[in-house]
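Here are the chains, one letter per residue:
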Amino acid sequence: MKVSILVSDLSKSGAGRWGGAVRTFLLAQALKKLHYDVEILGFVFGDAPPEMLKTAWSMTTVPGRNYPGFLKSSQTLVGKIDGDVIYALRPKPTTFGLALLKRLQSRKPIILDIDDWELSWHGGDRLQYRPNIKQLARDILKPNGALRYPDHPYYLKWMEKMVSRADGITVHTQFLQDRFGGIYVPNGKDTTLFDPNLCDPQASRLKYGLADYRILMFPGAPRPYKGIEDILTALDKLNRSDLRLVIVGGSPYDDYDQQLIERWGRWIIKLPTFPVGQMPEVVCAAHVVVVPQKDTPAAQAQFPLKLTDGMAMAKPILATRVGDIPEILSNTGILVDPSSPEQLAEKIQWIFENLDAANALGIKARERCIQEYSIDTMAMTLESLLRRFA
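So, a few notes on the structure that sits alongside this text.

## Side note on the pairing of strand S1 (residues 2–7)
Judged by how many residues are buried, S1 sits mostly within the fold: 6 of 6 residues are covered. Covered by surrounding structure in S1 are Lys2, Ser4 and Leu6 together with Val3, Ile5 and Val7, the residues of both alternating faces. For S1 and strand S2 (residues 37–44), the ladder comprises 6 bridges, and the chain directions are parallel. When the sheet's bridge partners are listed, lysine 2 is paired in S2 with aspartate 37.

## Side note on the layout of surface pockets
By volume, the second largest pocket amounts to about 150 Å³. Forming the walls of the second largest pocket are 13 residues, and the residues nearest its centre are Pro201, Cys284, Met313, Ala314 and Lys315. Put simply, the parts of the chain that give the lining of the second largest pocket at least two residues each are helix H8 (201–207) and helix H16 (355–372). In terms of residue class, the lining of the second largest pocket is made up of 9 nonpolar, 2 polar and 2 charged.

## Description of the packing of helix H13 (residues 305–312) against H16
Between H13 and H16, the shortest axis-to-axis distance is 7 Å and the interhelical angle comes to 115°. Judged by the angle between their axes, H13 and H16 are roughly perpendicular. Here H13 contributes Thr308, Met311 and Ala312 to the contact with H16, which in turn contributes Gly362, Ala365, Arg366, Arg368 and Cys369. Looking at the contact of H13 with H16 residue by residue, the class counts come to 4 nonpolar, 2 polar and 2 charged.

## Regarding the sheet that holds strand S13 (residues 334–336)
Adjacent strands of a sheet form backbone hydrogen bonds with each other and so pair up, either parallel or antiparallel. If you walk across this open sheet you meet the 6 strands as S10-S9-S8-S11-S12-S13, and the pairing is parallel. On the outer flanks of this sheet lie strand S10 (268–271) and S13, each paired with one strand and no other. When the angles between neighbouring strand axes are averaged without regard to direction, this sheet yields 25°. Where helix H9 (residues 228–238) meets the sheet, its contacts fall on strand S8 (214–218), strand S9 (243–248), S10 and strand S11 (288–291), and the angle it forms with S9 comes to roughly 165°.

## Concerning the nonpolar core
Met217 and Leu271 are the most contacted members of the largest nonpolar core, which totals 32 residues. The element best represented in this core is helix H11 (residues 279–284), accounting for 4 residues. In this structure, methionine 217 is in contact with Val246, Val248, Val282, Val283, Ala285, Ala286, Val288, Val289 and Val290, ignoring residues within four places of it in sequence. With 31 residues, the next largest nonpolar core counts Ala28, Leu31, Leu382 and Leu386 among its residues.

## Looking at the packing of H9 against helix H15 (residues 341–353)
Contact geometry for H9 and H15: axes closest at 8 Å, N-to-C directions at 65°. At the point where H9 passes H15, the crossing takes the right-handed sense. Here Asp230, Ile231, Thr233, Ala234, Leu235, Lys237 and Leu238 of H9 come into contact with H15, specifically with Pro341, Glu342, Leu344, Ala345, Ile348 and Gln349. Among the residues forming the contact of H9 with H15, the class breakdown is 8 nonpolar, 2 polar and 3 charged.

## Notes on the sheet that holds strand S6 (residues 168–171)
Read from one edge of the open sheet, 7 strands run S3-S2-S1-S4-S5-S6-S7, paired in parallel fashion. Among the strands making up the open sheet, the edge pair consists of strand S3 (59–63) and strand S7 (183–184). Of the strands in this sheet, S2 and S3 touch helix H3 (residues 69–80), which is tilted by about 175° from S2.

## Observations concerning the pattern of salt bridges
By the definition in use, this model includes 23 salt bridges. Put simply, lysine 237 and glutamate 342 hold a salt bridge, and the shortest N to O gap is 3.9 Å. With a gap of 105 residues between them, lysine 237 in helix H9 and glutamate 342 in helix H15 connect regions that are remote in the sequence.

Parameters at a glance
- Residues numbered from 1 in each chain as written.
- Predicted model: local features only at pLDDT ≥ 70, side-chain atom pairs only at ≥ 80, totals over all residues.
- Heavy atoms only, no water.
- Buried < 20%, exposed > 50% of the residue type's maximum accessible area, 1.4 Å probe, protein only.
- Helix = DSSP H or I, 4+ residues; strand = E, 2+ residues; numbered from the N terminus.
- Pairing = 2+ DSSP bridges.
- 1 Å grid on protein atoms, 1.4 Å probe; cavity = no way out; pocket = protein on both sides within 12 Å on 5 of 7 lines; lining within 4 Å.
- Points joined across faces, edges and corners; volume = space filled by probe spheres on them.
- Nonpolar A, V, L, I, M, F, W, Y, C, P; charged D, E, K, R; others polar.
- Axes fitted to C-alpha atoms, helices over the stretch in contact; angles between N-to-C directions.
- Parallel < 35°, antiparallel > 145°, perpendicular 65-115°, else oblique.
- Contact = heavy atoms within 4.5 Å.
- Core = buried A, V, L, I, M, F, W, Y, C linked by side-chain atoms within 4.5 Å.
- Left-handed = near helix turned anticlockwise from the far one by under 90°.
- Salt bridge = Lys/Arg side-chain N within 4 Å of Asp/Glu carboxyl O.

Now the structure itself:
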């Protein structure tokens, strides 16, 4: 059986930004484990997809355009979908909308994967679009009019109302399952690639210029709801010259990480984005992986990939009690209340005063990751779903 995975944006600023480490490619890996033929299709808005993705996966891309050009781009992409099952990522016009169109033509079943609450970025259920006549005309007629954007929030709201039309739904957090239903398929990690026995922490620190410090690592894109400011405020409170927060990759969305550097530059070391195959060596350099999420709808809807990075590499994890994080860690990490720099400072101090005990928690976290949050676990869950369409 062949599965066609539809992605809204495969560019370097879209699903391609982490070099194959995001949900799209985790699902593809799990399906490959089941010996399905997998193709990944999507638009490219702006820059091209990374070359490493083109060589690692069967990928079909079409230039992304705003309306009215999007109609022709859509027709082209729909014509290239030839899987027996369509796996649409997120309820967006650029994915689920096209899958519904393809089903009208071919009766191919659709699985919808929801790994984020898209409307949480736009006011959630309170979203309203009530323009006056002049504003509506501008949004439709101007070349950069808001309604020309294929995934405008108003269109996303339409798509949410059509979620029940999917033949199957997968989600990766309890928040999303409560909202949309479906089968729980948490993000898995390739625990053979992310194996702490394959690297030496001190050698990694030397390689990346981190050997002089005790490293708190955030391997992801800083955004206000991710709580990085709370960690940096905690470092201000501790005021220890040996501590550094290492941000890996930075934000592809805006200049937020630069704003952090301008205010807290003395605590921050920024590393570039690395291919997924190099990330185990990078994470190996950490003493602690930090996941200090704020308690917001956007955070509650997400499964932080940083958690399984740290768990698989047997690192002590310092995180907040937000969303599924307590359940994912299940007593193998160190938890504090959200938006609490004082508690973060206290736990950072405890970790480095009790590093053996903290590392023992990291070892337990890896064991839990292998059992519950591996690619193999994802594959077993998906197999039971896909059998319905064989």
